[in-house]
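Observations on the three-dimensional arrangement
Listed below, chain by chain, are the residues.
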Amino acid sequence: MYRYVALLCGESDESAMVTAAIKSALLLQPGWREAWASKSICVIHRPSGGMDAELLPNENGVLLGRSFARSSSRAPLDLSELADRRWGSFVAFAQGRASDTCEIYRDPTGGLPCWHGQVGGASLFFCDIEDVRRWLPAKMCLDERFLRGFALLPGLPRSIGGLENISQVRAAELVRLSRRGRESRFSWTPWRFAADRSILTFDEGIALVRDAVLSTVTSLAYGRERLLHSIGGLDSSIVLGALRATSGAALDIIAFNGFTDSAPGDERSYARAAADRAGVTFVPIRLDARRVNLDCLSRWSHQPSPVAFFDVTAPAADIYRLADEVGACSIWTGVGGDNVFFQLPHILPAIDLARTSSNPAEWLTVALDAARYGGESLRHVLCAMTRERLLRTDVPNDLRDLFAPRARFPFLSPDVIAAGLPDGYLHPLLETAADVGKAKQFHVWVSALLSLDHRDPWRPSQRSETPERVAPLLAQPVVEACLRVPAWLLVRGGVDRSMARYAFRDLLPQSVLRRTSKSNPNRLYADVTRANMRLIRSTLLDGTLSRMGILNRAAIEQKLRIDGMISCDIIDSALDLFSWEIWSSSW
């Protein structure tokens, strides 16, 4: 896994001594080396998995991670230009125009973490807290504001981290540090693309989305010889088809599918059809709850924020063993397709059209699609469209409720639910909307500023090198392209992700194209929960989150009974809360 530490020396002698000590200690470790240094900044890193350091023009800074140049763009002259000229997973450091100024920029997906702490007057920027843990305070303080917001909405991009004394450079943020203090602004915004009105037809949207996906996959696959790809539904099949179409036979692809014994958890037939269509090896893997060891969570290398969703499919499939066996250096996935291609069974796309069109024929076509897609009557949809056209209402509060995992609410303290999201919890770019419709606002919230966690907590601790996890559909060019397409075109015909289906219909088997159902690993999560109920229950009842008043202790006692039935709608919540409690207690 790629890692870095950037040291910004203050003016005091203590700061200089701390900076020198940290630098010396890191450079003594295998694989670490200096990437770039100036009078007041030193950046040290450990290259891994294709991620490395690249000097900026005039050598006044360095870009860390993995980045790709946009076509026909010249090299960026300063960090404020990076969002328009590069994409990828990266953090950049540069010397400002003044000698006492340091600039830091993080890419819009936030793919590479950038945490910030203070030690002895020196500033530390890092992606893995374990690399600097020995120099930080022995006791770290939990940020209760974060925990209250995280319990309500863990999946959206956040402005703050989970520890009071550790901040972060947020996705798309450009930070300038100097003697005058800290200045910050955002050099990229998703609303610029969401407000785009240039895509008017279905065919224009198809061309835009297809080109973005194919070019992104081409860039991400360049130089790779063998990879694993998690295959199952439409989105992962699109990624697989794009891989084969752009890389040809030169790239060895092993497609795998994790399945359970329940009907909703078995999509092997679709996965096999997609693998056969692409002409790649297919490996079905039974998801085995016995491989999931919850006791090991206390030994995880915890980061300044917990994982948003506790995914047990990786250990249940023993995916890293498979990667070792086949010699794969990366694991690909279709994660993000539901977000960017738009899967929301709701009438919001029709309401968006009402804001921009007065064409009766267009209204009727889109209203019929929305009625089918949202499961509402045509009359209901047309009335909603008319209200939107006449009143131009603001985004209702309940739109944000679409994100809230309601099954978790019985476990939360009533005070936490009543208080709602704390001020300053969400990423600032989500708080300020352009003049776009409700569906497009939802589209931004679920698509922008997102990435896979840089560090997979399930990775074997004894491995210094772990296969890189790649999610092409969350890449900046794909997100930007999809945000430019009006929501009613993305679901034309009343079918979720219909534009994506049309755009890649030549690369997919008919069974996958026609499929509208979704699989789920609920059987696996239920088995893991039942096998560990005593541990989960005692951990939550006696843990930090209960003592802080985040959890409802009485509800835990009632719903998580060792000798009783477990409701399906609380299984995911119980495991999520368990992982957050382990994280909280680790500090």
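Let me begin by describing the structure that accompanies this report.

Quick look at the overall build of the protein chain
Across its full length, the protein chain carries 26 helices and 17 strands. Taken over C-alpha atoms, the radius of gyration comes to 24 Å for the protein chain, in line with the 25 Å a tight globule of 587 residues would show. Out of the 587 residues belonging to the protein chain, those deemed buried represent 57%. Accessible surface, the protein chain: about 24300 Å² in total, of which carbon and sulfur atoms supply 50%. Across the protein chain, the 69 positively charged side chains and the 66 negatively charged ones have centroids separated by 2 Å.

Focus on the sheet that holds strand S12 (residues 181-186)
The strand order S4-S5-S6-S7-S11-S12 describes an open sheet built from six strands, whose pairing is antiparallel. In this open sheet, the two strands that pair with only one neighbour each are strand S4 (52-55) and S12. Each strand axis lies, on average, 25 degrees off the axis of its neighbour in the sheet, ignoring direction. Where strand S6 (residues 86-95) lies against strand S7 (residues 102-106), five bridges are found, and the strand directions are antiparallel. Looking at the pairing, Gln95 lines up with Cys102 of S7.

A word on the side chain of Arg355
With respect to the helices and strands, the residue Arg355 is situated in helix H11 (residues 348-356). At 2.8 Å, the side chain of Arg355 and the side chain of Glu388 are in polar contact.

Quick look at the sheet that holds strand S9 (residues 122-126)
The strand order S2-S3-S1-S9-S8-S10 describes an open sheet built from six strands, whose pairing is antiparallel. A strand with exactly one partner marks an edge of an open sheet, and here the two such strands are strand S2 (33-37) and strand S10 (167-168). Examined bridge by bridge, strand S8 (residues 115-119) and S10 share two bridges and lie antiparallel to one another. Of the residues in S10, the one forming a bridge with Trp115 is Gln168.

A closer look at the environment of Ala271
Following the sequence through the fold, Ala271 ends up in helix H7 (residues 268-278). The exposure class of Ala271 is buried, given its relative accessible area of 0%. Sequence spacing of Ala271 and Cys127 is 144 residues, and the spatial spacing of their C-alpha atoms is 35 Å. In this structure Ala271 touches Ile231, Gly232, Asn257 and Phe282, once residues within four positions along its chain are discounted.

Let's talk about helix H9 (residues 319-326)
Helical geometry note: an α-helix holds 3.6 residues per turn, so side chains three or four residues apart project in the same direction. Those residues of H9 that fall on the buried side of the exposure criterion are Ile319, Tyr320, Leu322, Ala323 and Val326. For H9, the angular spread of buried residues about the axis comes to 155 degrees, placing them on one side. Gly327 lies just past H9 and shows a positive phi near 75 degrees.

Here's the deal with the packing of aromatic side chains
A ring pair, where both rings are aromatic, is described by two values, the distance of the centres and the angle of the planes. Tallied over the entire structure, the rule returns 15 aromatic pairs. Taking the centre distance of 6.0 Å and the plane angle of 35 degrees together, the rings of Trp188 and Phe193 count as tilted. You can call Phe193 buried: its relative accessible area is 10%. Consider the rings of Phe202 and Tyr502, whose centres lie 5.2 Å apart with planes at 85 degrees: the pair is edge-to-face. Placement of Phe202 in helix H5 (residues 202-221) and of Tyr502 in helix H20 (residues 498-503) is noted, with a sequence separation of 300 residues between them. Classification of Tyr502 as partly exposed rests on a relative accessible area of 40%. Ring pairing ties together the aromatic residues Phe146, Phe150, Tyr425, Trp580, Trp583 and Trp587, which thus form one cluster.

Parameters at a glance
- Residues numbered from 1 in each chain as written.
- Predicted model: local features only at pLDDT ≥ 70, side-chain atom pairs only at ≥ 80, totals over all residues.
- Heavy atoms only, no water.
- Helix = DSSP H or I, 4+ residues; strand = E, 2+ residues; numbered from the N terminus.
- Rg over C-alpha atoms; globule rule 2.2 N^0.38 Å.
- Buried < 20%, exposed > 50% of the residue type's maximum accessible area, 1.4 Å probe, protein only.
- Areas by Shrake-Rupley, 256 points an atom, 1.4 Å probe, with all protein chains shown as cover.
- Lys, Arg positive; Asp, Glu negative; His and termini not counted.
- Charge placed at Lys NZ, Arg CZ, Asp CG, Glu CD.
- Pairing = 2+ DSSP bridges.
- Axes fitted to C-alpha atoms, helices over the stretch in contact; angles between N-to-C directions.
- Polar contact = N/O pair within 3.5 Å; in protein donor to acceptor, adjacent residues only side chain to side chain.
- Contact = heavy atoms within 4.5 Å.
- Arc of directions from axis to C-beta.
- Phe/Tyr/Trp six-rings, centres within 6.5 Å; stacked < 30°, edge-to-face > 60°.

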